[in-house]
Amino acid sequence: MRNAGWWRRGHLGSDADRAAFRALHQASLAAPPLQEGLTTASAERAVKHLRNLLGTPAMAITDTESVLAWDGVGNHHLDQAAVVGLLTIERGSTRTVDRSQLGCTTNGCPVRSGVASPLIVEGRVLGTVQAFAPSTTAGLVRATEEVAQWVSGQLELAELDAHRNRMIEAEIRALRAQISPHFVYNSLNAIASFVRTDPDRARDLLVEFADFTRYSFRRHGEFTTLAEELRSIERYLLLEQARFGDRLQVTLNVAPEVLPVVVPFLCIQPLVENAVRHGLEGVEQAGHLTINAHDRGHEAVIEVEDNGVGEDPEKVRRALAGDEALDSIGLGNVDARLRATFGDDYGLVVETAPGAGTKVIVRVPKFAPGVTATPPAERA
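Residues numbered from 1 in each chain as written. Predicted model: local features only at pLDDT ≥ 70, side-chain atom pairs only at ≥ 80, totals over all residues. Heavy atoms only, no water.

A few words now on helix α3 (residues 40–54). Look at α3: 21 Å from first C-alpha to last across 15 residues, which is about the 21 Å you get at 1.5 Å a residue. Roughly 35° is the biggest bend found in α3, and it falls at A46. Among all positions in α3, only S42, A43, A46, V47, H49, L50, R51 and L54 are buried. Just downstream of α3, G55 is the residue with a positive phi angle, here 70°. (Helix = DSSP H or I, 4+ residues; strand = E, 2+ residues; numbered from the N terminus. Expected span 1.5 Å × (residues − 1). Bend = angle between axes of the 7 residues up to and from the residue. Buried < 20%, exposed > 50% of the residue type's maximum accessible area, 1.4 Å probe, protein only.)

What follows is the structure, given as structure tokens:
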């Protein structure tokens, strides 16, 4: 107990320590809204914490046109803050303002001078941070510049995250474009073949087709559960079996404990379609597709294996590298998204050779920070 008390007094009890922890706390509170981008809502949520960080009577955050948020006293200076913001953006560097620029007739108003520093992300000025006080000191100038640089860093993270989301959405759109024409054409042909001979089966297949396309073309949710992905795959295989008949045999071995595991949306389905399209379509005998999903400690392992024609390993290497000249449904796309989500240790493993069939192995951690499935009710 004596040692613990000494540690608290010696390492956390000084004024400098307490000030540092207060600063870190305020920064941690301001960071989440700023990482959503520079908007009125995010600025309003962050400005109070940034003002507490600087300890000034008033503070403003602007974009390139107007004041997004003000905190503290003296908000009758909003119009002047907007002008100061535009002048600072035009200069592209920190500027100070004095009483002549902040003329005020309100008794006791502490907004008599200020510092405005630009928010710069990748060479572009997005707005300003402005701190106001009764007088401007060199310390306030340095502190405001430091806060502006920190805010700029948070906004850069927001832009990187938005860019990442756009890239992921583009990849999924590309994947859908690869899957849909081939699958839709063949599925509708298969359903049409049953309309007269077996209308009940045609109706059931249409329902499966509608459910499959609804899942594949949903707009929201970067992640899904393995259970949902496998449910969609089962629908896909029912439709393909309607086309191939006895030529396509399917075996599914799925451990119940891995069904809730979260995976990137459309990460297993393209592998199954690859197996049917490239592995089994060219074989004369019955094609056998096996899907295994089992528990391996802190990971789930999914294997998609076919006894089809196999592939040249060099061609597979090129597909994993993203060679667009190859007619491979999303192999590189899936590999890239798995690595981006879980790390380079979680890329696809492909075992194949001409005439020897193909086995694709997917490993995913059961739990990963920030990886959660979108609830069905929130999807469009």
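Here the narrative resumes, following the displayed structure.
The element strand β4 (residues 113–121) is extensively covered by neighbouring structure, given that eight of its nine residues are classed as buried. With three bridges connecting them, strand β3 (residues 95–97) and β4 associate as antiparallel partners. By the bridge assignment, T96 is partnered in β4 with V115. Here β4 runs beside strand β5 (residues 124–133); their pairing, made up of nine bridges, is antiparallel. In the strand pairing of β5, V121 is matched with R124. Counted along the chain from β4 to the antiparallel partner β5, the turn is two residues long, and its residue E122 has a positive phi close to 50°. (Pairing = 2+ DSSP bridges.)

Now for the nonpolar core. Among the nonpolar cores identified, the biggest contains 39 residues, and L237, I268, V272, L289, L348, V362 and V364 are the most heavily contacted of them. Counting residues per element, the ones that place at least two in this core are α7 (226–244), β8 (262–264), α8 (269–280), β9 (287–296), β10 (299–306), α9 (313–320), α10 (331–342) and β12 (358–365). Broken down by element, the residue count for this core peaks at six residues, all from α7. Of all hydrophobic cores here, the second largest spans 23 residues; its members include I61, L68, A69 and L155. (Core = buried A, V, L, I, M, F, W, Y, C linked by side-chain atoms within 4.5 Å.)

Right, let's get into the sheet that holds strand β1 (residues 58–62). Within the open sheet, the five strands sit side by side as β2-β1-β5-β4-β3. Their pairing is antiparallel. Strands at the two margins of the open sheet, each flanked by one partner only, are β2 (67–72) and β3. Averaged over all pairs of adjacent strands, the angle between their axes in this sheet comes to 20°, without regard to strand direction. In the sheet, β1 pairs with β2 via five bridges, with the strands oriented antiparallel. Its bridge partner lying in β2, I61 is registered against A69. (Axes fitted to C-alpha atoms, helices over the stretch in contact; angles between N-to-C directions.)

With that settled, consider the pattern of salt bridges. If you walk through the whole model with that rule in mind, you get 12 salt bridges. For K359, the salt bridge goes to E303, with nearest N and O atoms at 3.9 Å. Of the two residues, K359 is situated in strand β12 and E303 in strand β10; the sequence distance between them amounts to 56 residues. Accessibility assignment for this pair places K359 and E303 in one class, buried. One network of salt bridges, with partners in common, ties together D335, R339 and D344. (Salt bridge = Lys/Arg side-chain N within 4 Å of Asp/Glu carboxyl O.)

A few words now on the packing of aromatic side chains. Applying the stated criterion across every chain, the model contains two aromatic pairs. With centroids separated by 6.0 Å and ring planes inclined at 65°, the aromatic side chains of F342 and Y346 adopt a geometry described as edge-to-face. A relative accessible area of 13% means that F342 is categorised as buried. (Phe/Tyr/Trp six-rings, centres within 6.5 Å; stacked < 30°, edge-to-face > 60°.)

With that out of the way, let us pick up the confidence of the model for the chain. Taken residue by residue, the chain gives an average pLDDT of 81. The fraction at 70 or more is 82%. Ranking the elements of the chain by mean pLDDT puts helix α1 (residues 2–12) last, at 45, and β10 first, at 94. Low pLDDT, under 50, characterises residues 1–10; the stretch is placed with three contacts to residues that sit more than four places away or in other chains. (pLDDT = per-residue confidence, 0-100. Contact = heavy atoms within 4.5 Å.)

With that settled, the discussion passes to the sheet that holds β9. The strands making up a sheet are joined through hydrogen bonds of the backbone, oriented either antiparallel or parallel. The sheet built from five strands is open, its strands ordered β7-β9-β10-β12-β11 with mixed pairing. Strand pairing shows two members of the sheet lacking a second neighbour, β7 (248–254) and β11 (349–352), which therefore form its edges. Averaged over all pairs of adjacent strands, the angle between strand axes in this sheet comes to 10°, irrespective of strand direction. The sheet strands contacting α7 are β7, β9 and β10, and the helix crosses β7 at an angle near 165°.

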